[in-house]
Amino acid sequence: MNRMPPLLRAMRPRQWVKNVLVVAGPLAAGSLWEWHGLVAVVIAFVGFCLCASAIYLINDVIDRDLDRRHPVKRFRPIASGELSVRTALVVAAVLLVVGIGGSIALGRGSLAVVLGCYSVLQVAYCLWLKDQPVIDLVVVSSGFLLRALAGGVAAGVVLSPWFLLVASFGSLFMVAGKRYSEVHLVGEGADATRRSLETYSASYLRFVWGVAASATMIFYALWAFDLDREYPIWPQLSVAPLAVALLRYAVDIDRGAAGEPESIVLGDRVLQLLGVIWLVLFTVGVVLG
């Protein structure tokens, strides 16, 4: 990352891995393997990469003074002075226009609405909502949820209530774990990065990510065991690797190392293997069903 130009580093390409969530909707609906679904997923992925990078630039401009007080974030290009505020804002505006406008130009108006909602929510978060306890968890979680929705919306598939519930609580699990790691790093009651951290205690955030993880597994298991399919065993088998993966990720949360979820996903080979096993079982279940 340090070898990349400052502008590219500020766009946080490592976090684009989050945008793979756009695959979730079409995959769950069984339309990912159709040409229409595949094209829709690619468009949604690129659109979210552009819009998310724009938000990262805007966020870093707003937070540049606070970031300079953070042990890790002070090395970000804008906080360190490697990238000017003017350049960051101009590039952010271009990325938003291309991301949302490109979706409209490619005939994905519904996707453009999702990207627009995501961008508005995240800008509001950068300006104010991130200082509001609990609300900040919900808004950041919505970013993951909207990514999961985007692929389905772009492909024109109907998303089940089970999918929405799993995506919602799974997102909350990730975000609460991220906040827990931040509190673990700077200490309870500290405001080195944002005011909402003054309110959160480690025990409260542990409660939130514990509840969210439990709800994610319960709703996923209810979906898997409630399916009326010719080959029902495959979705049911997929419950096991997902449960183990959540427990594995919880180890990183518990030791305060989940501040950057994408780093864990990219660096933990066991977690990646569990993800592949889950994906294979889930995909076989969808295809055979």
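Since this is a predicted model, take the numbers as computed values, not measurements. The written sequence of each chain sets the order in which its residues are numbered from 1. Thresholds applied to this predicted model are a pLDDT of at least 70 for local features of residues and 80 or more for the giving and counting of side-chain atom pairs; totals over whole chains, interfaces and linings are not thresholded and use all residues. By convention in this description, side-chain values take in all heavy atoms of the structure and omit both hydrogens and water.

### Focus: unusual backbone geometry
(1) Moving on: Of note in this structure, Arg-12 is not a glycine but carries a positive phi near 55°.
(2) Moving on: Its location among the elements puts Arg-12 in the loop between helix 1 (6-10) and helix 2 (24-29).
(3) Moving on: The phi dihedral of Val-134 is positive, around 75°, even though this residue is not glycine.
(4) Moving on: Strands here mean DSSP runs of E at least two residues long; helices mean DSSP runs of H or I at least four residues long; both are numbered from the N terminus. Mapped onto the fold, Val-134 is located in the loop between helix 7 (109-127) and helix 8 (135-155).

### Here's the deal with a nonpolar patch on the surface
(1) Moving on: Patch building starts from residues that exceed 30% relative accessible area and form no salt bridge, then joins like charges within 9 Å and nonpolar side chains (Val, Leu, Ile, Met, Phe, Trp, Tyr) within 5 Å. Accessible areas in this description were obtained via Shrake-Rupley with a 1.4 Å probe; residue shielding takes into account the shown protein chains only. Note on definitions: salt bridges are taken to be side-chain nitrogens of Lys or Arg within 4 Å of carboxyl oxygens of Asp or Glu. Nonpolar side chains collect at one region of the surface, where Val-134, Val-138, Tyr-204, Phe-207 and Val-211 lie side by side and expose about 430 Å² of accessible area between them.
(2) Moving on: Among the elements that take part in the nonpolar patch, helix 10 (residues 202-226) stands out by supplying three residues, more than any other.
(3) Moving on: A residue is classified by how much of its surface remains accessible, and Val-134, at 38% relative accessible area, is partly exposed. Exposure categories follow from relative accessible area, calculated using a 1.4 Å probe and restricted to protein chains: below 20% of the type maximum is buried, above 50% is exposed, and the middle band is partly exposed.

### What to know about the pattern of salt bridges
(1) Moving on: The full count for this structure, using the stated rule, is 10 salt bridges.
(2) Moving on: Arg-179 is the salt-bridge partner of Asp-136, the closest N and O atoms lying 3.1 Å from each other. Of this pair, Asp-136 sits in helix 8 while Arg-179 sits in helix 9 (residues 161-186); the two residues are 43 residues apart in sequence, bridging distant segments of the chain.
(3) Moving on: Arg-179 sits in the buried class, given a relative accessible area of 1%.
(4) Moving on: Between Arg-206 and Asp-254 there is a salt bridge, and its shortest N-O distance comes to 2.7 Å. Of this pair, Arg-206 sits in helix 10 while Asp-254 is found in helix 12 (residues 239-254), placing the two residues 48 residues apart along the sequence.
(5) Moving on: Take Arg-206: its relative accessible area is 37%, and that puts it in the partly exposed class.
(6) Moving on: Counted as one network, the salt bridges with shared partners bring together Arg-12, Asp-60 and Arg-76.

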